[in-house]
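Descriptive analysis of the structure
Here is how the chains run, residue by residue.
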Amino acid sequence: MTGAIGDEAALRAVGEDQAKGAAGAGPRGTAPSYLVGLVGAGVGPSLTPPLHEREAAATGRRLIYRTIDIAELDLPPESVADLVPAARRLGFNGLNITHPCKQLVLPVLDGLTSDAAAIGAVNTVVFDGGSAIGHNTDGSGFARSLERGLPHAPRERVVLLGAGGAGAAVAHALLESGVRTLVVADLDTGRAAELAERVGRRFRDARCEPAGADDPERLLAGADGLVHATPVGMAHHPGTPVPRELLRPPLWVADVVYRPLRTELLDDAESRGCATLDGGAMAVFQAADAFQLFTGTPPDRERMLAHFHDLLAAE
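Residues numbered from 1 in each chain as written. Predicted model: local features only at pLDDT ≥ 70, side-chain atom pairs only at ≥ 80, totals over all residues. Heavy atoms only, no water.

Structural notes on the sheet that holds strand S1 (residues 33-40)
The strand order S2-S1-S3-S5-S6-S4 describes an open sheet built from six strands, whose pairing is mixed. The open sheet has two edge strands with one neighbour each: strand S2 (62-69) and strand S4 (111-112). Alignment of strand S5 (residues 124-128) against strand S6 (residues 131-135), held across five bridges, turns out to be antiparallel. Across the sheet, residue Thr124 finds its bridge partner in S6, namely His135. Across the face of the sheet, helix H2 (residues 48-58) comes into contact with S2 and strand S3 (94-97) while running at roughly 170° to S2. (Pairing = 2+ DSSP bridges. Helix = DSSP H or I, 4+ residues; strand = E, 2+ residues; numbered from the N terminus. Contact = heavy atoms within 4.5 Å. Axes fitted to C-alpha atoms, helices over the stretch in contact; angles between N-to-C directions.)

If you want it as structure tokens, here you go:
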């Protein structure tokens, strides 16, 4: 079994692979064994599978993690509605969900945690008995990363670029971290307005403003921080969402993109003297929270960070 998997026959083959592994895992086959997957577009290079597998091995567990790349399979984003129930039938313990399926997966789930319901997006699905329960660990992952990497960053007014699934999770994390005014900007102004209204209902002591993303100079005027949560800057979406000349201290800049770890946006910001935060720690911490949901075992987050940097160095 190589590469991405997508149809039910391939999912069944992976389930059989996992079952064989479980029988021989650990002394006398008693080590716990898990099968999980990642559904999204362009997920082949993701570091999430080896992160989970390495941490499982370190905790005495066997975890097989497979990618289900809808782009490679020429499947539409809506195919997540078929992939989730197929994975549940075939013995998966859970799935991670990424772009562009984090919101499209909602209708096929049996329940949501309070955070996932409030965010309106799911990045982790746990199969609990006969139910598929949606969680969101993007928010907790970003919150932990922000506190670790920029603990003293001013948060009076922060601009969030991107109102999709990742942006929704980051918006909640920013407001929970103490941001007083959050400007939610997106090329789709309707989506920005919907997210700003939704998070504003939850955080009534803060101010949430929608905006278009076509005038970055106006957006950044007077901002303490900028958080980028769109695919721009990823390996398959090169570029930067903000002209270099608009980045200047005391503005701090965070990017949720982690492939590459140093995006053009972060390089520009750092060269202009801004404090920066890359997407690596968020990627690791959201994976760590998902790992605990899948296995019931608290991971060693610092060990997972070390695994992450080892994996990057090996590329």
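From this point on, the discussion continues.
Overview of the sheet that holds strand S9 (residues 207-212)
Reading across the sheet, the six strands line up as S9-S8-S7-S10-S11-S12 and stay open at both edges, with parallel pairing between neighbours. With one partner strand each, in any of the chains shown, S9 and strand S12 (276-277) form the two edges of the open sheet. One ladder, built from five bridges, connects strand S7 (residues 157-161) with strand S8 (residues 181-186); its direction is parallel. Bridge pairing links Val158 to Leu182 in S8. Lying on the sheet, helix H9 (residues 264-271) is in contact with strand S10 (225-228), strand S11 (252-255) and S12; it crosses S11 at an angle near 165°.

Examining the packing of aromatic side chains
In the structure shown here, the tally under the stated rule is one aromatic pair. With 5.8 Å between their ring centres and 55° between their planes, Tyr258 and Phe308 make a pair best called tilted. Of this pair, Tyr258 sits in the loop between S11 and H9 while Phe308 sits in helix H11 (residues 301-314); the two residues are 50 residues apart in sequence, bridging distant segments of the chain. Just as Tyr258 is buried, Phe308 falls in that class too. Sitting over the face of the ring of Phe285, Arg144 holds its NZ or CZ atom 5.8 Å from the ring centroid. (Phe/Tyr/Trp six-rings, centres within 6.5 Å; stacked < 30°, edge-to-face > 60°. Buried < 20%, exposed > 50% of the residue type's maximum accessible area, 1.4 Å probe, protein only. Lys NZ or Arg CZ within 6 Å of the ring centre and 35° of its normal.)

Overview of unusual backbone geometry
For residues that are not glycine, phi is negative in most cases, and the peptide bond is trans in most cases. Between His99 and Pro100 the backbone carries a cis peptide bond, its omega angle lying at 5°. Mapped onto the elements of the fold, Pro100 is located in the loop between S3 and S4. Backbone torsion omega between Arg259 and Pro260 reads 5°, so that peptide bond is classified as cis. Within the secondary structure layout, Pro260 lies in the loop between S11 and H9.

Some words on the environment of Asn123
Relative to the helices and strands, Asn123 resides in the loop between helix H4 (114-119) and S5. A sequence separation of 46 residues divides Asn123 from Ala169, and the C-alpha atoms of the two residues are 9.7 Å apart. Setting aside residues no more than four positions away along its own chain, Asn123 makes contact with Leu95, Asn96, Ile97, Lys102, His135, Asn136, Thr137, Asp138 and Gln286.

So, the pattern of salt bridges
All chains considered together, the criterion is met by 15 salt bridges. Where Asp186 meets Arg191, a salt bridge forms, and the shortest distance between an N and an O atom there is 3.2 Å. Owing to a relative accessible area of 35%, Arg191 belongs among the partly exposed residues under this scheme. Glu209 is the salt-bridge partner of Arg207, the closest N and O atoms lying 2.8 Å from each other. With relative accessibility at 54%, the residue Arg207 sits in the exposed group. (Salt bridge = Lys/Arg side-chain N within 4 Å of Asp/Glu carboxyl O.)

Looking at the nonpolar core
In terms of nonpolar packing, the biggest core is built from 33 residues, with Phe142, Val170, Leu174, Leu175, Leu182, Val227 and Trp252 touching the most fellow members. Elements supplying a minimum of two residues to this core: helix H5 (138-149), S7, helix H6 (165-176), S8, helix H7 (189-202) and S11. With seven residues, the single largest contributor to this core is H6. In contact with Trp252, not counting residues within four places along its chain, are Leu146, Leu150, Ala153, Pro154, Val158, Leu174, Asp224, Gly225, Leu226, Val227 and Ala275. In this structure, Ile70, Val84, Leu109 and Val122 belong to the second largest nonpolar core, which totals 20 residues. (Core = buried A, V, L, I, M, F, W, Y, C linked by side-chain atoms within 4.5 Å.)

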